[in-house]
Amino acid sequence: MFTNADRPVATVDEVLITHQLSDRPRREPDYAAECRALAELAAVMAESPDSLFQKLAETALELCRAGSAGISLREQNDSDVFRWVAVAGAYKCYRGNTLPRYFSPCGAVLDRNTCLLMADPIRSFPYIEALTSPVREVLLVPFYQDSQPVGTVWVVAHDTQTHFDAEDSRIITSLTKFAGAAVHALTRAAAAEQANLAERRREEHFRALATATTDVVYRMSADWSEVQPLDGRGLIAGNDQPLRDWLDRNIPANEHATVRAAVQVAIATKTMFELEHQVIRADGTLGWTFSRAIPLLDDKGQIVEWFGAASDITRRKIAEENLHDIRARMENALAVGAIGTWSWDVQLDRFYGDASLARLFCVLPADVAGGPLARLMKSIHPEDRERVARDVQHAVHHCSVFESDYRLTQADGSWRWVTARGNVEADDTGRAARFPGVVIDITERKRVEAELLRVTEEAERRKRLYEAILASTPDFVYVFSLDYRVLYANEALAIMWGCPDNSSVGKTFTEIGYPTWHADMHCREIDRVRATKKPIQGEVPFHGTYGRRIYEYIFVPVMGADGEVEAVAGTTRDVTGRKDMEDELREADRKKDEFIALLAHELRNPLAPIRNGLQVMRLAENDPAALAAARNMMDRQLGHMVRLIDDLLDVSRISRNKMQLRRDNILLSDVIANTVEAVKPLVDAANHSLRVELPPQPILLDADLTRLAQVFGNLLTNSVKYTPAGGAISLVAQRDGSDLVVTVRDNGIGIPPDFLPHIFDMFSQVDRSVERASGGLGIGLALVKGLVEMHGGTVCATSDCNPDSSSRGSEFTVRLPIVQPARTAGEKPVASVERVKRKLLVVDDNQDGATSLAMMLRILGNEVRIAHDGLAAIEVAAEFRPEIILMDVGMPRLNGLDAARRIKSEPWGESMSIIALTGWGQEDDRQRSADAGCVGHLVKPVDMSQLEQTLSALRKN
Ligand code: ADP
C-alpha cells in the first residue's frame, strides 16, 4: 500500500497541464502499429478475456512510450478505492494495489469525467510519493462501462524528457474505448451465460421433480394452449413434443367444459389452478386425477408459464363411489324396511326393535318397544322356530356371534325369508347382557337362488338327456372345428374310431386314422358349410370293419354370436339297411309290373280259342262231332282262365290273411284221388308216366280237402309243364313219425341252384320264355307254400339241373301233421244231381251273361225269365212268381242285394229262394248276400255242376 499521506502542496488545478496537449507539437500517428495493437487486443479478448486489461496496459505503455501504464477501477465496498487491475512498465510491481479515491489522480478524472494531463502530480497527491519511480507527467482518460466512468486508463512518464502530446491522448482514448466496448461485450456474454445457466438449472430441477414424484408433472404455456413434453406415468399418455390437443387427448369430452372454466379462472386471477376431474388413462380406460398448477410470473407480473402436478386418484374415487353405492343401497334397504335392527336386553328380557323390524316381523311397534323376545318368536315359521331358539340360546350362552336364516309369517299368510346377524355382549361378570343385531329380508335372494337352482337343474337334466340321446343313438354325432379337428364325438363314434374316453378331441382326421380321401372329403365339406352357412347333406360308401356300408351324413353350421360359423356339427347314419330295402322294393315293383304284363297276356290266351270255338259252332251247326270238340275246347280254355283268376284271388287272400280253410278230418287218399283225377288229362296229354304211392294204412288229416288237392295239383301240374314229353312223374306219400311226407318228383328241366331260394316267392319264374310256353303266372308255388303253412306244414324244393346228371329233375317235399285216427272216415256220398223242372228268374245287367245262363237252365228243363236290373227284377218277380231267382249283385238302377231285400219283403216274395251271383267270392261278400236274404252265393262264371248242386240242395230243404 502507498503509505505517504502528507498534506498536498498544490491543488489539482495547479498540477493540471491538459491544455498543453494541444500546444505541444503533435507527433505523426503510427496507424500500422495501432492496428496491430488493436488486433492483438481483439485476439486476447477472444482467447483469454481475463488478460484483456493487462494487454491494454502493455499496449498503452508501448504506443505512448510511457514509463508505466495501467488501469485503475473504482471499487466501492467498505472503502472507496481505485484498484490497479493491470499495470505495465516500472510500476508493474504494484499490480493489484489500491489507492484511496480522494488521494488518487484517478479520482480527479472521474470527478471531471474527461481526459487529464498532470505534471508532477505528487504536489497535489502526496500519497503517490511512495512509488519507486517519480511521476513526472501522467495522462489519464476515464474508462466507461455502460456509459458510466468506472475507472481510468493512464500512462506515466518518469523522466523529464518525456512529454505526452495530443497523439498520445488520441491513442489512449481510442484504446480505452475499445477496451470499454470489449468489456461491455464480455460482460453481456457472461450475463447471458449466467442466465442460460439459471434456465438450465430450473429445467434440471423440473426434471428432477418430475422424476422424483409419482404424479404427472406438467408445464403449460401461459394461456394453457400448449403442454410441454411430459411423462404420463401410466396415468395418461405422455408426449415427447409440445402438444396443443392435450385436452382432447387426455380428458374425456364430458369434462372439457369444467376443466376449461377452471383454467380460465386461474389465468384471470393468476392464482393456483386446482381441480379434480376425469382423465383418459394411458390404457384407454377412464380414471380420476387431482391436478394443481401455479403460474410463474415475470418482473411485470405477467404469466410466463404454469407448473403443475396431477395425481392419480382413481382408486380413491372408485372406493368413494363404491362406498356411496353401498350407502345408497343400505339407505334404500333401510327405507323400504328390508333391514331391521334390534337390541335385546338379555337379563331383563326387553326387546327393542326399529319400525322396519316390526314391519318384517308383522308385529305392532309396541311389541318391539321393550317387550319380551317371545312375542317376536311367534312370527317365525313353525318349522324354523325351534332352530332359531336354539341358535339364540347358544349365542347367549357363549356370548358369541348369532347367525340364522329363517322364515317369517306375513299378514297375508305368505312367508318371507330373512337372515339375522347379531352379537351377544357380556357384562363385567361375563354374563350375557346386550344382544344387538340386524335382520335382513332375503326373500328375493332366496327366490333368485331357487330359480338359479331350478335353471341349473333344468340345464343339468337337459344335458343328461342330450347325453343319453347322444349315447343311445347308433348314429355318429360330432362337432368339428374350422381347422379340421375333433371338438366332440359321441360314444358310438368314439368306439368306431377306437378312441374312447374323449381321446379323439383335438385330433385331425388323419390322426384319427381316416384314409386321405375321406379326411379330404371332411375338410371340403367343413369349408363348404363355413362358406355357405347352410347345412349340407351327402352320402358316402365306406369299407370298414362291418364290410361295405353306406353312410348318410348331414353337416350343420354352429353359429357364433357374431353371426359367423364357429364350428361344424353333424350326424352320420348307417343307411345300408334302408338302401337294401329300397333295392328290394324296386325289385318287387319291377316283378309286379312284369306280372301285370304277363297276366294280361295269360288272360287273353284262352280267349282266342274260345272265340274260334264259337266260330266253329256257328259254321258246323250240323256237325255234332265238331260241335262237341269245340265245346270241349272252349270248356277247357274257360276252365284255364277261371283257374288263373282263382289262383290270383287265393294268393291275394293268403297274403292279406283272408283265406279261410274249411277244415275237416279228411283222408289222404281222398285228397290224392281228387288231385290225380284233375291232372290225369294233362299227364296223359304230355305222354308222361305218373306213379302214385300211398302208405297202406289210411292217413287222417285235419285239412281243407279242396285246398290240399290244389297244393298237390299245382305241384303235379308244374312237373307236367317243366318236364319234356314222356317224362316220369311220381307222387310218394310216407309217414314220418307224426308227420306225413309227400314227395312230388319229376325228371324234367330242374331248377337252377341260384333260383331255388326264391322258388316259392310270388311272381318268380326261372325263365319267362319257357313258362310263357307252358302258361303260368309264377304264383302257383307261392300258393302251395301259403296253403301248406296254413295247414301247419312245410314245403321245400331240391333240384339237380345239371344236363349231364342222370338224376335231373326237381323234387318238392310237403310235410304235414297227421291227425291220430279217432274215427275212420267213410266215403262221403257224392250228391247225385236230380233234374226237376222249375220256374227261374235270371237277373243280370250283362245281357250275354243273362242270356247264356238262361239258355243253360232251359236246356236243363226249367222255365226261365230274364231281367236286366234290380227294379225290372222286382216287376218280373211280382208277375212271374219264380221259385228261384239268380240275382247278379252289381247292377244299375237298383243293385241285386237291395232288389233281393225288397222282393223278400213282399208277401209274394217271401217264399222265393234268391241266389246271389257275383265276381266276389270272399267270406264277407257271402255274408252280405246272406244278410240281404239270399240263400246261396255263386261266384261267376257259374259252373254248371255247381249250379245244379245248389239247386238240388234248395229242393231238399
Ligand atoms: P308258374 O305259373 O310259372 O309255373 P309257379 O309258382 O308254379 O309258377 O312256379 C314258379 C317257377 O318255378 C316256374 O316258372 C318254374 O320256373 C319253376 N318250377 C316250378 N316247378 C318246377 C319243376 N317241377 N321243374 C322245374 N321248374 C319248376
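The rules behind these values
- Residues numbered from 1 in each chain as written.
- Predicted model: local features only at pLDDT ≥ 70, side-chain atom pairs only at ≥ 80, totals over all residues.
- Heavy atoms only, no water.
- Helix = DSSP H or I, 4+ residues; strand = E, 2+ residues; numbered from the N terminus.
- Rg over C-alpha atoms; globule rule 2.2 N^0.38 Å.
- Buried < 20%, exposed > 50% of the residue type's maximum accessible area, 1.4 Å probe, protein only.
- Contact = heavy atoms within 4.5 Å.
- Areas by Shrake-Rupley, 256 points an atom, 1.4 Å probe, with all protein chains shown as cover.
- Lys, Arg positive; Asp, Glu negative; His and termini not counted.
- Charge placed at Lys NZ, Arg CZ, Asp CG, Glu CD.
- Pairing = 2+ DSSP bridges.
- Axes fitted to C-alpha atoms, helices over the stretch in contact; angles between N-to-C directions.
- Phe/Tyr/Trp six-rings, centres within 6.5 Å; stacked < 30°, edge-to-face > 60°.
- Parallel < 35°, antiparallel > 145°, perpendicular 65-115°, else oblique.
- Nonpolar A, V, L, I, M, F, W, Y, C, P; charged D, E, K, R; others polar.
- 1 Å grid on protein atoms, 1.4 Å probe; cavity = no way out; pocket = protein on both sides within 12 Å on 5 of 7 lines; lining within 4 Å.
- Points joined across faces, edges and corners; volume = space filled by probe spheres on them.
- Core = buried A, V, L, I, M, F, W, Y, C linked by side-chain atoms within 4.5 Å.
- Salt bridge = Lys/Arg side-chain N within 4 Å of Asp/Glu carboxyl O.
- Patch = residues over 30% accessible without salt bridge, like charges linked within 9 Å, V, L, I, M, F, W, Y side chains within 5 Å.

Chemist: How should I be thinking about the overall build of the chain in this particular structure?
Modeler: Within the chain one finds 27 helices and 34 strands. The C-alpha radius of gyration of the chain comes to 71 Å, more than 25% above the 30 Å expected for a compact globule of 957 residues. Taken along the three principal axes of its C-alpha coordinates, the chain extends 215 × 100 × 65 Å. Split into buried and exposed, the 957 residues of the chain put 42% on the buried side. Within the chain, residue pairs in contact and separated by at least 24 positions form 55% of the contacts whose partners lie at least 6 positions apart. Put simply, the chain shows about 52500 Å² of open surface, and 53% of that area lies on carbon and sulfur atoms. Counting 112 positive and 136 negative side-chain charges, the chain places the averaged centre of each group 5 Å from the other.

Chemist: In this structure, what is going on with the sheet that holds strand S3 (residues 98-100)? I would like to understand it.
Modeler: By way of backbone hydrogen bonds, the strands of a sheet pair with one another, either parallel or antiparallel. The strand order S3-S2-S1-S6-S5-S4 describes an open sheet built from six strands, whose pairing is antiparallel. Strands at the two margins of the open sheet, each flanked by one partner only, are S3 and strand S4 (116-119). Taking the axes of each pair of neighbouring strands and ignoring which way they run, one obtains an average angle of 30 degrees across the sheet. Contacting strand S1 (68-76), strand S2 (80-89), strand S5 (137-145) and strand S6 (148-157), helix H4 (residues 52-63) runs over the sheet at an angle of about 60 degrees to S2. Its contacts with the sheet put helix H5 (residues 105-112) on S1, S2, S4, S5 and S6, and the angle it makes with S6 is roughly 135 degrees.

Chemist: How should the packing of aromatic side chains be read in this particular structure?
Modeler: Geometry of an aromatic ring pair is reported as the spacing of the ring centres plus the angle between the planes. If you walk through the whole model with that rule in mind, you get 25 aromatic pairs. Residues Tyr478 and Phe480 carry aromatic rings whose centres are separated by 4.7 Å and whose planes lie at 15 degrees to one another, so their mutual orientation is stacked. Residue Phe480 is classed as buried on the basis of its relative accessible area, which comes to 1%. When the centroid spacing of 5.9 Å and the interplanar angle of 15 degrees are considered together, the rings of Phe509 and Tyr514 count as stacked.

Chemist: How should I be thinking about the packing of helix H3 (residues 31-47) against H4 in this particular structure?
Modeler: Any two packed helices are characterised by how steeply their axes cross, that is the angle between the axes, and by the distance between the axes. At a minimum axis distance of 9 Å, the contact between H3 and H4 shows a crossing angle of 170 degrees. Between H3 and H4, the angle is such that the two are roughly antiparallel. Note on element contacts: H4 touches H3 through Leu52, Lys55, Leu56, Thr59 and Leu63, opposite Ala33, Glu34, Ala37, Glu40, Leu41, Val44 and Met45. When grouped by side-chain class, the residues that make up the contact of H3 with H4 number eight nonpolar, one polar and three charged.

Chemist: Explain empty space enclosed by the protein here, please?
Modeler: If a probe the size of a water molecule is rolled over the atoms, the empty space left behind becomes visible. Under the counting rule described, the total for this entry stands at four cavities of 30 Å³ or more. Put simply, the largest cavity is a space of about 220 Å³. Taken together, 19 residues form the lining of the largest cavity, with Tyr218, Met220, Ile236, Trp246 and Ile251 sitting closest to its centre. Contributions of two or more residues to the lining of the largest cavity are made by strand S7 (216-221), helix H7 (246-250), strand S8 (273-280) and strand S9 (286-297). Within the lining of the largest cavity, the residues separate by chemical class into 14 nonpolar, five polar and no charged. The computed volume of the second largest cavity comes to approximately 150 Å³. Surrounding the second largest cavity, 14 residues form its lining, Trp342, Phe351, Leu373, Val392 and Tyr406 being those nearest its centre. Those elements giving two or more residues to the lining of the second largest cavity turn out to be strand S11 (339-345), helix H10 (355-361), helix H11 (374-377), helix H12 (382-398) and strand S14 (401-409). Looking at the lining of the second largest cavity residue by residue, the class counts come to 14 nonpolar, no polar and no charged.

Chemist: Before we go on, may I ask you to explain the nonpolar core in this structure?
Modeler: The tendency in soluble globular proteins is for nonpolar side chains to be buried as a group. In this structure, Leu701, Leu708, Val711, Phe712, Leu715, Leu740 and Val814 are the most contacted members of the largest nonpolar core, which totals 51 residues. Take this core: its biggest share by element is seven residues, from helix H20 (residues 705-721). Once residues lying within four places of it in the same chain are set aside, the contact partners of Phe712 are Val671, Ile672, Thr675, Leu731, Val742, Val814 and Leu816. In terms of nonpolar packing, the next biggest core, distinct from the first, is built from 35 residues, Leu41, Ala57, Leu139 and Val141 among them.

Chemist: Before we go on, may I ask you to explain the pattern of salt bridges in this structure?
Modeler: When charged atoms on two side chains of opposite charge get close, those side chains can pair. For the structure shown, the criterion picks out 56 salt bridges. Taking the shortest distance from any N to any O, the salt bridge between Arg219 and Glu305 comes out at 3.1 Å. Of the two residues, Arg219 is situated in strand S7 and Glu305 in strand S10 (residues 303-312); the sequence distance between them amounts to 86 residues. Given the relative accessible area of 11%, Arg219 is considered buried. A salt bridge links Arg244 to Glu226; the nearest nitrogen and oxygen atoms lie 3.3 Å apart. With Arg244 in the loop between S7 and H7 and Glu226 in the loop between S7 and H7, the pair connects residues that are 18 residues apart, well separated along the chain.

Chemist: What should I look at first to understand the pairing of S9 in this one?
Modeler: A regular strand carries its side chains on alternate faces of the sheet. With eight bridges joining them, S8 and S9 adopt antiparallel strand pairing. The partner of Val279 across the bridge, within S9, is Gly287. The hairpin turn running from S8 into S9, its antiparallel successor, is five residues long, and Gly284 in that turn takes a positive phi close to 95 degrees. Remark: five residues form the turn of the hairpin made by S9 and S10, two consecutive strands paired antiparallel; Gly301 in that turn has positive phi of roughly 85 degrees.

Chemist: Which parts of the structure should I look at to understand unusual backbone geometry?
Modeler: Most peptide bonds adopt trans geometry, and most residues besides glycine take a negative phi value. Phi at Arg65 is positive, roughly 50 degrees, even though this residue is not glycine. Residue placement: Arg65 occurs in the loop between H4 and S1. A positive phi is found at Lys533, a non-glycine position, where the angle reads about 60 degrees. Relative to the helices and strands, Lys533 resides in the loop between helix H16 (516-532) and strand S20 (536-544).

Chemist: Where do I start with the environment of Phe125 in this structure?
Modeler: By secondary structure assignment, the location of Phe125 is in the loop between S4 and S5. Spatially, the C-alpha atom of Phe125 lies 8.5 Å from that of Ala10, the residues being 115 residues apart in sequence. Excluding anything up to four places from it in sequence, Phe125 contacts Val12, Phe103, Ser104, Pro105, Ala108 and Met118.

Chemist: Even after reading the chapter, I still don't get a nonpolar patch on the surface, so can you show me in this structure?
Modeler: Side chains of Leu465, Tyr466 and Ile469 sit close together on the surface and give an oily, nonpolar patch of about 300 Å² of accessible area. Take Tyr466: it is sitting in helix H13 (residues 443-472). Accessibility expressed as a relative area gives 48% for Tyr466, which makes it partly exposed.

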